[in-house]
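Residue-level structure breakdown
Chain by chain, the residues:
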Amino acid sequence: MSTYPHKATQRLEDMEPINAPKLHDRIYEDILVRGLEYRQEDADEFADGIALLRELRDIHAEYVNQAGPFADPFGEYLECSGQTSERAGQFFTPPDIVDMMVAMTFNGVDLARERPFTVCDPACGSGRFMLGTAKHFVRHNAGCLNFCFTNVDVDRRMFTYCTMNAVLNGVPGIHVHGDTLRMEVWDAFATLPVGSVAMWERVPPETAKRWLVSALERPETAAVAPESAPSAKTQQTTLEGMA
Ligand SMILES: C[S@@+](CC[C@H](N)C(=O)[O-])C[C@H]1O[C@@H](n2cnc3c(N)ncnc32)[C@H](O)[C@@H]1O
């Protein structure tokens, strides 16, 4: 019997039997990294990543049916299966509290302003504040996600699940594997919405670091991309193409 608040989460556990490769490693290697090389004509070579992505999209759809839009299946899975680390301070904010904090942050603010908002979670976990912000903008800004969300986590699992949450929910942002306290950046992906999902692109660590510094120091101007920041023009991978 499922021990998860939402039945769909059990399917994530089923994808990760004991002694099998870890789910987050498969997502990172087979989807996020190998997916960058995807070409329609070589689709056979990407069969593992495509199958994994299809399964995750299906689980995500079922989870959202059960828990509501922009809900976080990965966070629920990690917490309820005891995979979070107390030592690393991995406690996720309950979704209702996220919703309240996002509503308070944007209370009375013109969400439709010309310059996109820059929002940063320097200790993002599975990306709940990103998801809550997207939900708020969908509800209160006619569906327009007028922001770029910068996420950072020191744990590669969190970085991977957070990036995947952005991909599956179509949220614009930069997701950084790094240490916010030491200002070290090791890896990063940008996500760019295409319909209800997002395509992704690897961001060089030095570019991601510039973006992060800017987002932390001058949030109002960080929405202006550094010169070498990723753009839709350089993007080669689309979720639609892979799955
Ligand atoms: C309390 S959790 C909060 C997660 C998320 N913001 C939320 O509210 O649901 C803190 C997260 O910060 C990460 N973390 C801890 N030290 C960090 C550091 N120096 N730099 C970046 N992330 C860090 C942990 O891995 C963990 O996922």
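Please refer to the structure placed before this passage.
Residues numbered from 1 in each chain as written. Predicted model: local features only at pLDDT ≥ 70, side-chain atom pairs only at ≥ 80, totals over all residues.

Remarks on helix H4 (residues 73-80)
The buried count for H4 comes to 6 of 8 residues, which makes it a mostly enclosed element. The complete set of buried residues in H4 reads Pro73, Phe74, Gly75, Glu76, Tyr77 and Leu78. Of the surrounding elements, those touching the buried residues of H4 are helix H1 (9-14), helix H3 (47-67), helix H6 (128-140) and helix H7 (156-169). Just downstream of H4 lies glycine 82, where phi reads positive at about 70°. (Buried ≥ 20, exposed ≤ 12 C-beta atoms within 10 Å, placed from the backbone. Helix = DSSP H or I, 4+ residues; strand = E, 2+ residues; numbered from the N terminus. Contact = placed C-beta atoms within 7 Å.)

Focus on unusual backbone geometry
Even without a glycine there, the phi angle at asparagine 19 is positive, about 75°. Position of asparagine 19 relative to the elements: it lies in the loop between H1 and helix H2 (23-33). At alanine 142, a residue that is not glycine, the phi angle is positive and equals roughly 50°. One can find alanine 142 in the loop between H6 and strand E2 (147-153). Classification of alanine 142 by C-beta neighbours within 10 Å gives exposed; the count is 10.

Remarks on the site of the ligand
The ligand sits among 20 residues. The nearest are Phe92, Thr93, Ala123, Gly125 and Thr180. For the shell around the ligand, the elements supplying multiple residues, two or more each, are H6 and E2. Residues belonging to the shell around the ligand are distributed by class as follows: 10 nonpolar, 5 polar and 5 charged. (Near = placed C-beta within 6 Å. Nonpolar A, V, L, I, M, F, W, Y, C, P; charged D, E, K, R; others polar.)

Points about the pairing of E2
For E2, a buried count of 7 out of 7 residues is recorded, marking the element as mostly surrounded by other parts of the structure. By the alternation rule, side chains of E2 split into Phe147, Phe149, Asn151 and Asp153 and Cys148, Thr150 and Val152, which are all buried. In terms of strand pairing, strand E1 (residues 117-121) meets E2 through 5 bridges, oriented parallel. Counted as the bridge partner of cysteine 120 is threonine 150 from E2. Remark: the E1/H6/E2 crossover connection has right-handed handedness. When E2 meets strand E3 (residues 173-179), the two strands line up parallel, connected through 5 bridges. Its bridge partner lying in E3, aspartate 153 is registered against histidine 177. Crossover connection from E2 via H7 to parallel E3: handedness right-handed. (Pairing = 2+ DSSP bridges. Right-handed = clockwise from strand over helix to strand, strands pointing away.)

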